[in-house]
Every structure is written in structure tokens, then in C-alpha cells.
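# Remarks on the overall topology
Residue-level listing of the chains:
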Amino acid sequence: MHVTHPIEALKHQLDALRHTDKKGFMRLNTPCQVGNLMGWLNVQSVYPRLYWQSRDVGTVEYAALGVVRAFDSLAALQADLATLADSGGEQPDYFGGMAFDPGMSGWEHFPGCHFLLPRIELRRQQAGATLSLNLRFDDCCPEVEIAQARACLAALEEEQLLPCWLPNVYQREDRPAQKEWAASVAQVTHPDQLGHTPKVVLSRETCLTTSETPNPWALLARWQAGAVDCFHFGIQFTPHEAFIGCPPERLYKRKGRHLMTEALAGTTRRGRDAQQDQALADELLADKKNSLENQCVYQQLLTQLESLSSQVDMGEAHIIKLRSVQHIRRLIHAELHRDVTDQQLLAVLPPTPAVGGVPRKSALAFIRQHERHRRGWYAGVFGRISHTSSDLAVAIRCAHIGPETIRLYAGAGIVAGSQPDEEWHELDTKIADIMSLLGMG
Ligand SMILES: C=C(O[C@H]1C=CC=C(C(=O)O)[C@@H]1O)C(=O)O
Ligand SMILES: [Mg+2]
């Protein structure tokens, strides 16, 4: 992106605000040209650095920098959204996520819940790109806010090409190893356990170490290119740590009172050719174990939505095909009651049984007791929240990148009929895309 002109344009607009008596939220916009949003993010010195693109075709791509406001609680976020909505005018987008298990902390630098209003947003849609500066004129005097915004603009750097090199020599360690995995699957599928807890989603952390530190944005850009029909996200709170992912699963999308959610669970691999691929898809749809995995998810979603909405409709089970895997999916639509907020939805819906289990309480208790790695934001929530609409992904198919390490996460729904070796293999197919990008395929 050639930033000089857009930045000058925003500075002019900012100067004009010096004597403003405006209250609340304000967004200054200017058109701009950009090649690769991640190439732009990668050179910026302002943190957090965040990327978000929803799954739907033709949606906005967001790159965001810095913080105007941030909340570590859903209640505080909701209160802020409500205050701004009452005062009318343009409404801001908050970006962020939540850990899998609110009862356990996230990772270091990753709070249990964190949603932020960025200082700078670079948005791109079909019509073109816009550079925006977000401002809040509520509790501090406008001069302070303007000075902070100005400093952030002054720090912006020109976009550069992403490095095309990624390390490709790694040491791999699986946690749990296959033997311990088999023991956990056996425990979950023991008739006594299944009697009270019919599904637990067990997970694995695959730790890859290398002498180099991989560039998270270069990795995400390549991963994204092969992950169509997926969400794409990345966040860095600090320079040496990133969380990126290309999840296929939506937690929910809300447009006004209309809610879209889904049950995505049940997995098979892709075939060698179209014929085998179709045979695998047909088998998946007819398979009892995989259907049960999916059923656990939709039943819970339907039950939860019953009390929150006036009408709930669910579509037929169908197959979605990703690069390395196929899944069973059922789409769900609901009309929310007037007073239902994102705060409530996020307090009730996650973790869905696609990543947790049923009943939630005993499944989470099993996971807390038996998993020795920390899920952190894996299997949590990541996305965008605003007063008018929200869109959130289930944070699966993701990687945590730190100095000299990449930690990949994959889980598999364990139900009656689950076989340890097959489920272990399912974990491998779920990380196959990113493993092949790292030269480990
Ligand atoms: C928990 C994950 O996948 C979930 C989503 C789709 C299919 C799943 C399955 O078939 O087990 C899982 O429930 C993951 O990829 O880490
Ligand atoms: Mg499965």
C-alpha cells in the first residue's frame, strides 16, 4: 500500500476535529490501494496486529492495528456496545476471541476473553480498500485522543512483500503421544463413561520445533490460499507470539435478530479421484459414529436456542469438502428474541459439542482432568462483534507460533464406536494442510 496519501488525508481529517464537541465513537475513512493485507500487517510496529476474514464469499477482509478500547469481559463489551448504540450514528466493530475453557486461563498474553476496538483498520471489499482511524471521545479530552491517534498514524509503514521462505526442518512431538491417546479414547468409550457422557472431544497438541522462527503472516497467507470456504484469522498481542487459523466452522453469525449457526462434526478424508471422493462422502453421511458426533452438536444447539429465539429451523445434513477433509454439516437458522445479546449468546453457545462434548459439564471435567496440554484459544472463539451484526468462528485448524516453535491443534469427537487408531488418523488429516505447507506433509 502507498500510505503517504491516505495517511495525509486522515491527518487532515483529524486536524479538523481539534475543537470537536463530538461524543462517542467516530471513524475517519480514506480510500487506499493495498496489495496484500498481511504484507502490510507484517511490517507494522503497532500492536496488537490482527487479521480477520469471514467464510462467506465476497466478505470484507480486515487488517487491524492498535487499541482504542479493549474488554476482557463480555459484560463490559456489551455495555459499551449498548451505550454507543443508544447515542446513534456509526457503530464500531470489535475483534477478538475467547479461550476454550473459561474456567482455565488462556495462554500467556491470551486472556480468557478479549475483544478490542482497533485504532487503525484496513478493510478491503470488491469495491476497493479503505484505511480507517477509529476514535473515541467519551472520557478523555479530545486533544489526548487526537494526539494518540496521530502518533499511531505516524508510525505506519509501507507495505512490503511477505517473506517467501518458511523453515522446513522441524522436530515433531505429539502431546499426547499415540499410546496415551489410545488410553484416553478407551476411557471415553468405556460403557460406564458413555452411560453419562456420550461425547468428549479429545485433542492433541503437535509441537514442531525449529532453529528459525517462522513468520506467522507468511504462513497464514499461504494457508489461506488453500483454505477456501474457511474463516481466516491471525492475532499478535506481542511481537514474538501469534495465533493463526483457517477454521471451517462457524459459531454463529447474527444480522440484527437473525442468527445462523451450524453443527459441523463427523469427518473423513478426501478421495484420490472424484469417484472415490464421492464414495467417501456417501459413506460418511451413512456412518453411525460420525452421524452421532454431528447429532450431539445439533441437539445441544437446538436446545440452547429454544429459550433464546422464537423460531428455529435446521437444514438437511450435507457434506462440505475442504482441501484434506470432508465433514458433515447441518445449518441452523433462528430468530432471536428482542433482548438477546452477543453477551448471552457467547455465554451459552461455546464450547459447542463439536469441540467440548455432551453433557458439557462432565465432558469439560474429563478434558480438564485428562488433557495435559493447554488448549488456550484453540477450540475457543474468534471473530467480529458489533451492535448490528456479529460473525464468529470456532477456533479450530489453528496454530500458535512462538520463538522457534509452532504448536498445531486438532481434536476429534469421541463417541460410541470410536476407534483409537482411526481417531488418531483423523487428527493427522485435520492438520494435513498446514503440515504440507511446512514441508512435513
Ligand atoms: C475439534 C476439531 O474438529 C471438530 C470439527 C469438525 C469435525 C470434528 C470431528 O469429526 O471430530 C470435530 O468435532 C478440530 O479440528 O480440532
Ligand atoms: Mg470426528
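Residues numbered from 1 in each chain as written. Chains lettered and ligands numbered in written order. Predicted model: local features only at pLDDT ≥ 70, side-chain atom pairs only at ≥ 80, totals over all residues.

- Under an unreviewed UniProt entry, the protein chain has the name Isochorismate synthase MenF and belongs to Vreelandella titanicae.
- Under the UniProt heading Sequence similarities (unreviewed entry), the entry covering the protein chain gives this text: "Belongs to the isochorismate synthase family."
- One UniProt comment on the protein chain, placed under Function (unreviewed entry), says "Catalyzes the conversion of chorismate to isochorismate." (UniProt positions renumbered as here; feature names shortened; annotations may be inferred.)

## Some points on helix H3 (residues 74-87)
- Compared with an ideal rise of 1.5 Å per residue, which puts 14 residues at 20 Å, H3 spans 20 Å between its outermost C-alpha atoms and is within 8% of the ideal.
- Where H3 is concerned, the buried positions are Leu74, Leu77, Gln78, Asp80, Leu81 and Leu84. The buried residues of H3 occupy an angular sector of 160 degrees when the element is viewed end-on, so they sit on one face. Exposed and facing more than 90 degrees away from the buried side of H3 are Ala75, Ala82, Thr83, Asp86 and Ser87.
- Residues of H3 that are buried sit in contact with strand S1 (24-32), strand S4 (69-71), strand S5 (94-98), strand S6 (113-117), helix H10 (342-348) and strand S19 (381-385). (Helix = DSSP H or I, 4+ residues; strand = E, 2+ residues; numbered from the N terminus. Expected span 1.5 Å × (residues − 1). Buried ≥ 20, exposed ≤ 12 C-beta atoms within 10 Å, placed from the backbone. Arc of directions from axis to C-beta. Contact = placed C-beta atoms within 7 Å.)

## Describing the site of ligand 1
- Surrounding ligand 1, one finds 18 residues, the nearest of these being Ala265, Thr267, Ile396, Gly411 and Gly413.
- At the level of elements, strand S14 (258-269) and strand S22 (405-414) are the ones that each hand at least two residues to the shell around ligand 1.
- With 5 residues, the single largest contributor to the shell around ligand 1 is S22.
- Its residues assigned to classes, the shell around ligand 1 comprises 9 nonpolar, 5 polar and 4 charged. (Near = placed C-beta within 6 Å. Nonpolar A, V, L, I, M, F, W, Y, C, P; charged D, E, K, R; others polar.)

## Side note on the environment of Val67
- Relative to the helices and strands, Val67 is located in the loop between strand S3 (61-65) and S4.
- Leave out the neighbours within four places in its chain, and Val67 touches Pro48, Leu116, Pro118 and Arg119.

## Considering the UniProt feature "binding site: Mg(2+)" (unreviewed entry) in the protein chain
- The UniProt record annotates "binding site: Mg(2+)" (unreviewed entry) at Glu293 and Glu426. Judged by maximum C-alpha separation, these annotated positions cover 134 residues in sequence but sit close together in space, the widest gap being only 13.4 Å.
- For Glu293, the position within the fold is in helix H9 (residues 288-306).
- Under the C-beta neighbour-count criterion, Glu293 is labelled buried, with 27 such atoms within 10 Å.
- Those residues within four positions of Glu293 in sequence are excluded, and the remaining contacts are Lys199, Ala265, Gly266, Gly413 and Val415.
- By the element assignment, Glu426 lies in helix H12 (residues 420-430).

## Examining the environment of Ala347
- Here Ala347 is to be found in helix H10.
- When the C-alpha atoms of Ala347 and Pro247 are compared, they prove to be 21 Å apart, with 100 residues separating the residues in sequence.

## Observations regarding unusual backbone geometry
- Cis geometry marks the peptide bond from Tyr47 to Pro48; its omega dihedral reads -5 degrees.
- Within the secondary structure, Pro48 sits in the loop between helix H2 (37-42) and strand S2 (49-53).
- The linkage connecting Pro350 with the following residue, Pro351, adopts the cis geometry, with an omega of -10 degrees.
- Locating Pro351 in the fold gives a position in the loop between H10 and strand S18 (357-358).
- In this model, His109 sits at a positive phi of 70 degrees, which is unusual for a non-glycine residue.
- Position of His109 among the secondary structure elements: in the loop between S5 and S6.
- Judged by C-beta crowding, with 15 C-beta atoms within 10 Å, His109 ranks as partly exposed.

## Let's talk about the confidence of the model for the protein chain
- Mean pLDDT for the protein chain: 95, with 98% of residues reaching 70 or above.
- Here the predicted complex scores 0.97 on pTM and 1.00 on ipTM. (pLDDT = per-residue confidence, 0-100.)

## A look at the pairing of S14
- When you tally the buried positions in S14, you get 9 out of 12 residues, the bulk of the element.
- As paired elements, strand S13 (residues 250-255) and S14 share 3 bridges and run antiparallel to each other. Opposite Lys253, over in S14, you have Met260 as the bridge partner.
- Connecting the antiparallel pair S13 and S14 is a turn made up of 2 residues, with Gly256 showing a positive phi of about 60 degrees.
- Note: S14 against strand S17 (residues 325-336), 10 bridges, orientation antiparallel. Along S17, the bridge assignment pairs His258 with Glu335. (Pairing = 2+ DSSP bridges.)

## Re the nonpolar core
- With 117 residues, the main nonpolar core has Tyr51, Ile244 and Ala395 as its most contacted residues.
- For this core, the element with the highest residue contribution is S22, accounting for 6 residues.
- Residues lining this core come from more than one domain, with at least three contributed by each of domain 1 (4-154) and domain 2 (171-228 + 239-437).
- Excluding its chain neighbours within four sequence positions, the residues that come into contact with Ala395 are Gly97, Gly245, Pro247, Trp377, Tyr378, Ala379, Gly380, Val381 and Phe382. (Core = buried A, V, L, I, M, F, W, Y, C linked by C-beta atoms within 7 Å. Domains from an automatic or database assignment.)

## Looking at the domain arrangement of the protein chain
- When the domains of the protein chain are assigned, the result is domain 1 (4-154) and domain 2 (171-228 + 239-437).
- Summarising the inter-unit geometry, the C-alpha centres of domain 1 and domain 2 are found 28 Å apart.
- Residue-level contacts link 32 residues of domain 1 with 36 residues of domain 2.
- When contributions to the side of domain 1 that touches domain 2 are tallied by element, the ones reaching two or more residues are H2, S2, H3 and S5.
- Grouping the amino acids of the side of domain 1 that touches domain 2 by side-chain chemistry returns 21 nonpolar, 8 polar and 3 charged.

## Some points on the pairing of strand S11 (residues 232-238)
- Within S11, 5 of the 7 residues are buried, which leaves it mostly tucked inside the rest of the structure.
- Alignment of S11 against strand S12 (residues 241-245), held across 4 bridges, turns out to be antiparallel. Bridge assignment links Gly234 to a residue of S12, and that residue is Ile244.
- Following S11, the chain reverses through 2 residues before pairing antiparallel with S12.

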